[in-house]
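Fold and contact review
Now for the letters of each chain:
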Amino acid sequence: PRSAIIVVAAGSGTRLGAEAPKAFVGIDARSVLRHALDGVFAASPAQVVVVAPDGWQGDAETELRAAAGDRADLGHVVTGGATRQQSVAAGLSALWGDVEIVLVHDAARALTPPSQIDAVAAAVTAEAGIIPALPVVDTLKKVVDGVVVGAVDRSELAAAQTPQGFPRGPLEAAYAAAGDSGIEYTDDAALFSAAGHPVRYIAGSERAFKITTPADLQRARHLLGASVA
Ligand code: CTP
Ligand code: MG
């Protein structure tokens, strides 16, 4: 079945603290968004919706064209909202045609392997959503008011990544219900589960980490073999 991917890039990047919105910060000669879109177009999407910050739609269009090459007709830029959930909702309303599977991907996971994108799309069913996730390696503690009150069983936990993939109709209905409820969910999988649908996971990858802080940006530069940008 044909799949669309919504690449959310409308955040401001507060924790990164750069001059520009995070998606437009350079890793090397290419921006976070450009790297994310290079990965997306190396996979096999039928449709690509980029959700840009207000005022940056033209810049997003430029990055989309550069990454798409002769497939620019598959892509479309829309304007995001104040929260990630609103940005995804904006992306959903821009889908066109007969796609049956929708992937939602953070531009900030700029180095996500294309194979992870295709694996998520391939694992989505008519009922179930799919997330890529990694086992948790740290020893986790439950802490209340500065006091360690207990341990957390790591074997029951997984760290969620993107893209997260869903059957289109149920995802659209779940977003409509979430919009009406006023609840902000932590991710698309949580929103989809809250609507009563199953979510399964497949193995994620180290390279799909999210660029959140300056240290994460340094890690991305290191992985690309560029010591300075
Ligand atoms: N995002 C979005 N619209 C928002 C907020 C976030 O499209 N209103 C996107 C970001 O662009 C990013 C992804 O959601 O690709 C994950 O969000 P996060 O890493 O938190 O990015 P920011 O919100 O930009 O960063 P911060 O929370 O540090 O401000
Ligand atoms: Mg954020």
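Note that the structure is predicted; figures quoted are calculated from it, not measured.

**Focus: the site of ligand 1**
If you check the shell around ligand 1, you find 22 residues, and the closest are V8, A10, G11, T14 and R15. For the shell around ligand 1, the per-class residue count stands at 8 nonpolar, 9 polar and 5 charged.

**Quick look at helix α2 (residues 57-68)**
The end-to-end C-alpha separation of α2 is 16 Å, in line with the 16 Å expected for 12 residues at 1.5 Å each. Restricting attention to buried positions, one finds in α2 the residues A60, E63, L64 and A67. End-on view of α2: buried residues confined to an arc of 100°, all on one side of the axis. Where α2 is buried, its residues touch α1 (32-42), β2 (47-52) and β3 (75-79).

**A short note on the nonpolar core**
Counting 55 residues, the largest nonpolar core has I6, V7, A9, V32, V50 and A107 as the members making the most contacts within it. When residues of this core are assigned to their parent elements, the largest contribution, 6 residues, is made by α1. Excluding anything up to four places from it in sequence, I6 contacts V49, V51, V88, G91, L92, V102, V104 and H105.

**Some details on the confidence of the model for the chain**
Summing up the model confidence of the chain, the mean pLDDT is 96 and the portion of residues at 70 or higher is 98%. Confidence metrics for the complex model read pTM 0.96 and ipTM 0.99.

Parameters and conventions
- Residues numbered from 1 in each chain as written.
- Chains lettered and ligands numbered in written order.
- Predicted model: local features only at pLDDT ≥ 70, side-chain atom pairs only at ≥ 80, totals over all residues.
- Near = placed C-beta within 6 Å.
- Nonpolar A, V, L, I, M, F, W, Y, C, P; charged D, E, K, R; others polar.
- Helix = DSSP H or I, 4+ residues; strand = E, 2+ residues; numbered from the N terminus.
- Expected span 1.5 Å × (residues − 1).
- Buried ≥ 20, exposed ≤ 12 C-beta atoms within 10 Å, placed from the backbone.
- Arc of directions from axis to C-beta.
- Contact = placed C-beta atoms within 7 Å.
- Core = buried A, V, L, I, M, F, W, Y, C linked by C-beta atoms within 7 Å.
- pLDDT = per-residue confidence, 0-100.

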